[in-house]
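# Architecture and fold: a report
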Amino acid sequence: MRLLLTTSQGIEDLAKAEVENLLSELGVPFRVEEKPLGVEGRVLAEVGEAFYTDEKGRKRELSVGTYLNERSRLLHRVIVEMASDRFEGIGEDEPEKALGRIEDFVASLPVERFVKVSESFAVRSFRKGEHKITSLDISRTVGKAIFDRLSRFGTPRVNLDHPAVIFRTELVGEVFFLGIDTTGDSSLHKRPWRVYDHPAHLKASIANALIELAEPDGGSFIDPFCGSGTIPIELALRGYSGRVICLEKYRKHLRGAEMNALSAGVYDKIEFILGDATKLSEYVDRVDFAVSNLPYGLKIGRKSMIPKLYMDFFGELAKVLEKRGVFITTEKKAIEKAIEENGFEIKHHRLIGHGGLMVHTYVIE
Ligand code: SAM
């Protein structure tokens, strides 16, 4: 089975490592590839069949898709890939031609092997790049091709609102994927624990990527601009044994973080502090790890106050940080100046796609 796994752009290597770890635990043969056909934010896993023994001693097949949906912290979707191909020049094709190519391709696939004809279905499409067709056009065309194919074997049923089976297509540049989306309509990064919706919250998948980059070893950990608590909550959900602190300047957001932690079942694993990160040393004498999604001045506050905020914060961080910090921001110039002038060294830098932006991520010591 081939599983097309989606995640944020820029963290494919971390998602690949997570999937390899999870699949190793199952003891199945597998091969995992980052950016299949060069598509960013995607990982492909080729996995052998997995089995378990039920209470009556019978051998049962284990659904690897379900297992990854349940266990992954970095993935957004788990899609059973039916087919993929590169459609040279599809970006320049007129709509009729482009849709005709997609329809012919899908019509030739043995869709009936993947679903029961009696199950209701819908097609959801994702499109990225320059094309003369929309994702809605693709959904309609692929839906028709699947309907016509399944009609040979029975009476297919379409249900756009509550389908039993979701087919997912992706057209990214010239690359086309078709598969069955085992995740459903809500992406895995939308965590069920989120009862307070911070206007600038971090995707949980990216929060976990930042945690991976920090490599916390059980030492004390702080998010000094914790907002709705995404990073501390995701760390606590991993069963982290060390002290976890969530510091936030605004009472409303801190209350929201507490509500989220309560909903996640980790309220008693996190210390919540109402305070100003530019006075960090007033709240903690020392801390091993600091990981944060810094204010960018886009959704909250003003951009002009960012350089001073960063300079003051990193000045305080220099007094207390023992091991490693990981920070994500759009404000490259301001953060690099604050990091360097306060005696830290940049150990790693990468760009991560978040909210339609490519955001700078730094590991510092
Ligand atoms: N990662 C968070 C989440 O997922 O909800 C969002 C963090 S948001 C980008 C930055 C947060 O920093 C905001 O909640 C803002 O209120 C807070 N903040 C701004 N200035 C602060 C300061 N001086 N000290 C502490 N928190 C501050």
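Residues numbered from 1 in each chain as written. Predicted model: local features only at pLDDT ≥ 70, side-chain atom pairs only at ≥ 80, totals over all residues. Heavy atoms only, no water.

### Describing the UniProt feature "domain: THUMP" (unreviewed entry) in the chain
Stated formally: UniProt positions are given in the numbering used here, feature names are shortened, and annotations may be inferred rather than shown by experiment. Going along the chain from the N terminus, every DSSP run of H or I of four or more residues is numbered as a helix, and every run of E of two or more is numbered as a strand.
Per the UniProt annotation, the sites labelled "domain: THUMP" (unreviewed entry) are residues 69-182. For residues 69-182, the helix share is 29%, the strand share is 32%, and the end-to-end C-alpha distance is 8 Å.

### Thoughts on unusual backbone geometry
Apart from glycine, the bulk of residues carry a negative phi angle, and the bulk of peptide bonds sit in the trans form. We apply this condition: Burial classes: relative accessible area under 20% of the type maximum marks a residue as buried, over 50% as exposed, and values in between as partly exposed (1.4 Å probe, protein chains only).
One non-glycine residue, Lys35, lies in positive phi territory at about 45°. In this fold, Lys35 is placed in the loop between strand E2 (30-34) and strand E3 (42-47). With a relative accessible area of 33%, Lys35 lands in the partly exposed category. Even without glycine at this site, Leu37 takes up a positive phi of about 55°. The residue Leu37 is located in the loop between E2 and E3 in this model. Leu37 sits in the partly exposed class, given a relative accessible area of 38%.

### Thoughts on the pattern of salt bridges
Pairs may arise between side chains of opposite charge once their charged atoms sit close together. Threshold: We count a salt bridge whenever a side-chain nitrogen from Lys or Arg sits within 4 Å of a carboxyl oxygen from Asp or Glu.
As enumerated under the stated definition, the model contains 33 salt bridges in all. Residue Asp54 pairs with Arg60 through a salt bridge whose shortest N-O separation is 2.9 Å. Its relative accessible area of 11% is what places Asp54 among the buried residues. According to the relative accessible area criterion, Arg60 is partly exposed, its value standing at 35%.

### Quick notes on the pairing of strand E12 (residues 244-248)
Counted only if it meets this: What makes two strands pair is DSSP finding at least two bridges between them. We call a crossover right-handed when, viewed with the strands running away from us, the connection from the first strand over the helix to the second turns clockwise.
A large share of E12 lies buried, amounting to five of its five residues. In E12, alternate side chains face the same way, and those of Val244, Cys246 and Glu248 on one face and Ile245 and Leu247 on the other are all buried. Summarising the sheet, strand E11 (residues 221-223) and E12 pair through three bridges and their orientation is parallel. Looking across to E12, one finds that Asp223 is bridged to Cys246. Taken together, E12, helix H7 (residues 251-264) and strand E13 (residues 271-274) constitute a β-α-β crossover, and its handedness is right-handed.

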